[in-house]
Each structure stands twice: as structure tokens, then as C-alpha cells.
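Architecture at a glance
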Amino acid sequence: MSDANNPFAMMMAQAQEMAKAFNPAMGGFSTQAMEKLWPTMTKDMMEMSFGKGASKEGLDAKTRLLLTLAGLTMQGAQNETQLRMTVRHALVAGATKEEVTEAIAQMSMFAGLPAMTRAMEFANEVLTESKEDET
């Protein structure tokens, strides 16, 4: 987020400066560091909470998370943390990397290319992390 021409990066830098002015300890706050405090639920826990446990004949957790990912993509760059966490949960629930990218790409028709591109950048960070974990 160091690109001075990127309006999102400029907005985030300004928000961090404002937070630092209110509380100097907030100067180094990172949403990505905050994410590490939230564990990824197991597939069984997700199924119980969001999948077949909620409705025996309904959608499974993987499908629900892919739909959530589509909705978060449509909201745009305002939900960076939630989007990355949903990608992580979808992978644990059994979604493939191709399904994750397809769910996001599909939203280009509804949310627009900028929102889809930004969501794809966030998802790619997670997909790259999981690729590094496999090696």
C-alpha cells in the first residue's frame, strides 16, 4: 500500500496518520497482523455453524463461503480483512483455488472490474500464503 497514486493506499495512509494522532501506539497498527489473532475454523465447525447443521437440505459450508466471498467482492476494498479470512475459511471448507478465483471473477459483471481486481489481489495474498505453506 505504498503507491502514492493509489487512492485506497492514500486513504489508508491518512487513516493511519489520524489513528496515530489520536493514540501514538496505533501508529504501527496492521490489519494483517490483526488477522493472525483469528484462527481459521475447522471444516466440521464451519459445517455445524454455517452448513448442513443449519439446514440439512441447504447449502454446504463451502458454497456458503463462496457466496460470502462474492458478496464481499461486491462491497469493494472496504473489507480487506474479512475477504482474506473468508478465502482462508473457504479453502479449509474444501473450495479449490480455482473456485475461489472464479467466485471473485464472476463479480466483475456485478461489482465492476475495480472491485473484482482488488478482491482478487486480497485473495491472491492468501492463495500465495497457502502455496508457501505446502512447500
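Source: prediction; values computed, not measured. (Residues numbered from 1 in each chain as written. Predicted model: local features only at pLDDT ≥ 70, side-chain atom pairs only at ≥ 80, totals over all residues. Heavy atoms only, no water.)

So, the overall build of the chain
- Check the secondary structure of the chain and you find eight helices and zero strands.
- Counting over 135 residues, the chain shows a buried share of 30%.
- Partitioning the intrachain contacts of the chain with sequence separation of at least 6 by distance along the chain shows that 60% fall at a separation of at least 24. (Helix = DSSP H or I, 4+ residues; strand = E, 2+ residues; numbered from the N terminus. Buried < 20%, exposed > 50% of the residue type's maximum accessible area, 1.4 Å probe, protein only. Contact = heavy atoms within 4.5 Å.)

Quick look at a nonpolar patch on the surface
- Judged by side-chain polarity, Met74, Met109 and Phe110 come together as a nonpolar surface patch covering roughly 380 Å² of accessible area.
- For methionine 74, the location among the structural elements is in helix α4 (residues 61-75).
- Residue class for methionine 74 comes out partly exposed when judged on its relative accessible area of 44%. (Patch = residues over 30% accessible without salt bridge, like charges linked within 9 Å, V, L, I, M, F, W, Y side chains within 5 Å. Areas by Shrake-Rupley, 256 points an atom, 1.4 Å probe, with all protein chains shown as cover. Salt bridge = Lys/Arg side-chain N within 4 Å of Asp/Glu carboxyl O.)

Some details on the packing of α4 against helix α5 (residues 80-92)
- The contact between α4 and α5 brings their axes to 9 Å, and the two run at 160°. On the basis of the axis angle, α4 is roughly antiparallel to α5. As for how α4 packs across α5, the hand of that crossing is left-handed. Residues Leu65, Thr68, Leu69, Leu72 and Thr73 of α4 form the contact with α5, whose own contacting residues are Gln82, Leu83, Thr86, Val87, His89 and Ala90. (Axes fitted to C-alpha atoms, helices over the stretch in contact; angles between N-to-C directions. Parallel < 35°, antiparallel > 145°, perpendicular 65-115°, else oblique. Left-handed = near helix turned anticlockwise from the far one by under 90°.)

A word on the pattern of salt bridges
- Tallying each qualifying case throughout the model produces five salt bridges.
- Where arginine 88 meets glutamate 129, a salt bridge forms, and the shortest distance between an N and an O atom there is 3.1 Å. Of the two residues, arginine 88 is situated in helix α5 and glutamate 129 in helix α8 (residues 113-134); the sequence distance between them amounts to 41 residues.
- Salt bridges here are not isolated pairs; linked through shared partners, they connect Glu80, Arg84 and Glu125.

Points about helix α6 (residues 97-106)
- All of the buried residues in α6 are Val100, Ala103 and Ile104. Seen along its axis, α6 keeps its buried residues to an arc of 95°; they face one direction. Among the exposed residues of α6, those oriented more than 90 degrees off its buried face are Glu98 and Glu102. (Arc of directions from axis to C-beta.)

A few points about the confidence of the model for the chain
- Averaged over every residue, the pLDDT of the chain is 79; the share at 70 or more is 67%.
- Taken element by element, the predicted model of the chain shows its lowest mean pLDDT in helix α2 (residues 31-35) (62) and its highest in α6 (95). (pLDDT = per-residue confidence, 0-100.)

Side note on the nonpolar core
- In this structure, Leu69, Leu83, Val87, Val100, Ile104 and Ala123 are the most contacted members of the largest nonpolar core, which totals 19 residues.
- For this core, the secondary-structure elements that each account for two or more residues are α4, α5, α6 and α8.
- Per-element tally for this core: the top contributor is α8, with six residues.
- Each residue touching alanine 123, except ones within four places of it in the same chain, is listed here: Leu83, Val87, Val100 and Ile104. (Core = buried A, V, L, I, M, F, W, Y, C linked by side-chain atoms within 4.5 Å.)

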